[in-house]
Structure formats: C-alpha cells, structure tokens
Amino acid sequence: MHHEAWINKRLCELGKSQLDRHLQVYPEAGGKIQIGDRSYLNFSSNDYLNLARHPDVVAKAAEALTGSGCGATASRLVTGTLNLHDELEERLARHKGYPSALLFGSGFLANVGTIPALLDKNDHVFADKLVHASIVDAVTLSRAHLYRFRHNDVEHLEQLLKKVSSTSGRKLVVTESVFSMDGDLAPLQDIADVAQSHDAMVMIDEAHATGVFGPNGSGLVSELGLEPLVNISLGTLSKAFGGYGGFVACSKSVRAFLINHARSFIYSTALPPPVVAAALGALQVIEDNRDLGAQLLKNAAALRNRLQEAGLDTGNSASQIVPVMVGENSKALAVSQKLRRHGIIGVAIRPPSVPRGTARIRLSVTLSHTREDLEHVGQVIIATAQGEGLL
Ligand SMILES: Cc1ncc(COP(=O)(O)O)c(C=O)c1O
C-alpha cells in the first residue's frame, strides 16, 4: 500500500509530539463504571445529570423500541417525522422559551446544518476563538468570511463587527454559553447587545448549559432572559440529557427555513424512536426535578474550590466542567495515567481540541458523583499534581 506511506509518516509525527490519539474501549458508560473487578470514578463523561441510565428514561426508550422499532426508516422530509419527533420538538421549544425547535441527528450536525443554511460566501461570521470544531466546520462549509474574536472579549468582537459595513452581507455572531473545554461562561448579555447594535444575528451553542443552567435547566440564554436577542439557541441531547441528538430552538420562520435549507437535516435519516423517547423521558425528569442543575453546580464548585485552594489552575471555570491546567502534552498524559491507577478516569485533553501548550485534565462533575467521591478525587488530584511538580 505505497500510497498510504504518507499516512504512516503523519501518524509517526503525531506520536512524536504526543498528539496521537487512540480509542480506549470501555465496558460501560457513565460517571461510575466497572472495568473488570475494579470500579472507577469517571470524570470524563458528559452525562451531567446521570440520566443515561435513569429508570424512567430507559423505560421510555424501551417502550418506544418495542412499539416503534429501531429506526425512523426515512429522512424527516420523507416519512421519517413521527409523532415522537413532533412531540419532542414542541416540548423542547417550550422548555427553551422559543416558538419552535428542530431536531438534528446530533449537536455537531445541528451546527453543520444551521450555519451554512443561513449564510453564504457574501456573509460574515464572528466566532469566539474557542468555539467548538463543529461551528468552525460549519462556517467553512458556508464559505462565509470568518472573524475570530479573542475568547470572551466583547470589545474585540465589536472592533471586528465595525470593520464590516452593514451593506456587505449578513452577519452572525456565534459563541458557546458554557465552553466545552474550559467550563467558563460567555458574557452573553454584552455579546447580544453588541450584536444587536451592529445588526448581526446571534446564535448560541448551549451544548453544555442545556439541562444544567437556567430555570428548569433551560440554559443560560433563558437564565438571562435573552431569548428576544438570540435568534438561535442550539442544544444537544447527548450531554445532560444522557442520550443522543441535537436541536435548535428558534422562531417559526427560521425553523421553516432550516427544513428547506439545512442539508444535514434534509439528507439524513431522522433520529430513531427510542432515542427520541429517551430525550422526552430525560426532559420530563429535568422538569420534574427543578434543582438538578443547581445541585450539580454546587457540587462542582466544591471540587473546584478544593483544587484552587491547593494552588491548582482551573482557569475561569464556573460550571460542572472543571479543567485542571497542566500545559505540556506529556505531563497531561502522565497525570491522566496516574489518576487511572487510583481508580479515577480523567482524560488528558490535548491540541487540537485545546490551544497548544494548554493540555489539561478536563473533569466533568456529574450527579453520579457523591460529595465523598468529589472529596476523594480532589485529594488524589492534588497529590498527583504534587508528584508531577505542578504544585
Ligand atoms: C459546544 C459543543 N457544540 C456541539 C457539540 C456536538 O454535540 P454532539 O456531541 O451532540 O454532536 C459539542 C460536543 O462535543 C460541543 O461541546
């Protein structure tokens, strides 16, 4: 296979800079997992509210599996729109405080479908430097001009907006409300105000805020009452909802437009009935237990304070995502391996998922972790960091 030689060469180069990635196989998912005869505290799962195995959620999925089968069997525009999709979209819209919602195959597909539907090569996207890869790919697909503003820097955003005259195409400002790798929060009110004063649309990726922040877990946009200024609030069902799928909450006309133009929506099979039913089950649990998000944030704050008091750098985390900044790739891998020996899964996150020189252990606290678990993990991380010369 001589034409694959370049691939092996590239893989070798990745390995040399400790940037090669490999799949690790786990027997199960969740915040606490059993591997062989050992149990692990998993701090790398996004099942924030511990819903992936919640009995009500599993029961809903099982019922749909038995009643409606494994697959939706067609794209939404053909015969794939089932009652379950319709019901979930209505309920998500209500939950988010928007007139309507539209499901996509995943959060990634929601970004990749929405941005190119709304913008083309004559348009302009202003995105935070740290936004998720799916947003960057979406902008590339749209062929719009991309301007990156410094992380959470509203002044820089405004400078960039000023450079583009209002007659030269549409403008979209896009950011995350809770940043996936840093766990910090965007200054959404200021961003929305600046966007409005420059006549730009606003899209907020609430992947990590959905289910956790806001009244009833409806997100940070909702907590701040910014629905009137945010055209599109994107969410995922794969994190706090414990399942799979993505969605946008928006006006009825944006929804109708996306149905006609979002290629990842049009040309892909609808979400399977059990997956949709699981999301309905998760939404019910979230709405019936209004303080789940607040409880999670309180627990995460306790861990974060413990790490910070010991002198560890957790960036500007203000959510259930608590990064422990390490810096070098090799050191982050070493810390991760040591944690594993102590029964803790904390995966090292390296470039290109995070900027160069900022490799870290990204801890995500979930409701499956007790206060004792958090106390324990805090102690182990501090001792490990000391052993690695980080403290
Ligand atoms: C900010 C952000 N947006 C979108 C996604 C993609 O969501 P999904 O996992 O549902 O494809 C993620 C998940 O990694 C994310 O962190």
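Residues numbered from 1 in each chain as written. Predicted model: local features only at pLDDT ≥ 70, side-chain atom pairs only at ≥ 80, totals over all residues. Heavy atoms only, no water.

Enquirer: Account for the site of the ligand, naming residues and giving values.
Expert: If you check the shell around the ligand, you find 14 residues, and the closest are Gly-107, Asp-205, His-208, Thr-236 and Lys-239. The side chain of His-132 places a nitrogen or oxygen atom 3.1 Å from an oxygen atom of the ligand. Measuring from an oxygen atom of the ligand, one finds a side-chain N or O atom of Ser-238 at 2.9 Å. Protein burial of the ligand: of its 390 Å² of free accessible surface, 85% is covered by the chains. With 3 residues, helix α5 (residues 107-118) is the largest single contributor of residues to the shell around the ligand. A breakdown of the residues in the shell around the ligand according to their chemical character gives 2 nonpolar, 9 polar and 3 charged. (Near = heavy atom within 4 Å. Polar contact = N/O pair within 3.5 Å; in protein donor to acceptor, adjacent residues only side chain to side chain. Areas by Shrake-Rupley, 256 points an atom, 1.4 Å probe, with all protein chains shown as cover. Helix = DSSP H or I, 4+ residues; strand = E, 2+ residues; numbered from the N terminus. Nonpolar A, V, L, I, M, F, W, Y, C, P; charged D, E, K, R; others polar.)

Enquirer: Talk me through the domain arrangement of the protein; I want residue IDs and the actual numbers.
Expert: Taken domain by domain, the protein consists of domain 1 (24-48 + 291-387) and domain 2 (55-288). Here domain 1 and domain 2 have C-alpha centroids that lie 27 Å from each other. Every contact between the two is made by 22 residues of domain 1 and, on the other side, 18 residues of domain 2. Interface area, domain 1 with domain 2, both sides summed: about 1,400 Å², of which 62% is carbon and sulfur. Among the residues of domain 1 in contact with domain 2, Asn-46, Tyr-48 and Ile-321 are the three that bury the most area, contributing 26% of the side total. Our enumeration of links across domain 1 and domain 2 arrives at 1 salt bridge. Two residues, Asp-182 and Arg-360, come together in a salt bridge whose shortest N-O distance is 3.2 Å. Mapped by element, the contributors of at least two residues to the side of domain 1 that touches domain 2 are α13 (292-309), β10 (321-327) and β13 (359-364). Ranked by residues supplied to the side of domain 1 that touches domain 2, first place goes to α13 with 5 residues. Its residues assigned to classes, the side of domain 1 that touches domain 2 shows 12 nonpolar, 7 polar and 3 charged. (Domains from an automatic or database assignment. Contact = heavy atoms within 4.5 Å. Buried area = accessible area lost by both parts, 1.4 Å probe. Salt bridge = Lys/Arg side-chain N within 4 Å of Asp/Glu carboxyl O.)

Enquirer: Outline helix α12 (residues 273-288), listing residues and values.
Expert: Over its 16 residues, α12 extends 22 Å from the first C-alpha to the last, a length consistent with the 22 Å expected when each residue adds 1.5 Å. Counted residue by residue, α12 has 12 buried out of 16 residues, so it is predominantly covered. Among the residues of α12, those classed as buried are Pro-273, Pro-274, Val-276, Ala-277, Ala-278, Ala-279, Leu-280, Gly-281, Ala-282, Leu-283, Val-285 and Ile-286. Buried residues along α12 sit against α2 (55-68), α4 (83-96) and α13. (Expected span 1.5 Å × (residues − 1). Buried < 20%, exposed > 50% of the residue type's maximum accessible area, 1.4 Å probe, protein only.)

Enquirer: Describe α13, with residues and values.
Expert: Between the first and last C-alpha of α13 there are 26 Å, a value that for 18 residues agrees with the 26 Å anticipated at 1.5 Å per step. In this structure, the buried residues of α13 make contact with α12, β10, β13 and α15 (371-387). Gly-311 sits one or two residues past α13 and shows a positive phi near 100°.

Enquirer: Give me the lowdown on the side chain of Glu-388, citing residues and values where you can.
Expert: Relative to the elements of secondary structure, Glu-388 occurs in the segment after α15. Look at Glu-388 and you get buried, because its relative accessible area is 14%. The residues contacting Glu-388, other than those within four sequence positions of it, are Lys-331, Ala-334, Val-335 and Lys-338.

Enquirer: Can you tell me about the sheet that holds β13, naming the residues and giving the values?
Expert: An order of β10-β13-β12 is seen for the 3 strands of this open sheet, with the pairing classed as antiparallel. Across the chains shown, the open sheet's two edge strands, defined by having one partner strand only, are β10 and β12 (348-349). Here β12 runs beside β13; their pairing, made up of 2 bridges, is antiparallel. Along β13, the bridge assignment pairs Ala-348 with Ile-361. Sitting on the sheet, α13 touches β10 and β13, and the angle it makes with β10 is about 25°. (Pairing = 2+ DSSP bridges. Axes fitted to C-alpha atoms, helices over the stretch in contact; angles between N-to-C directions.)

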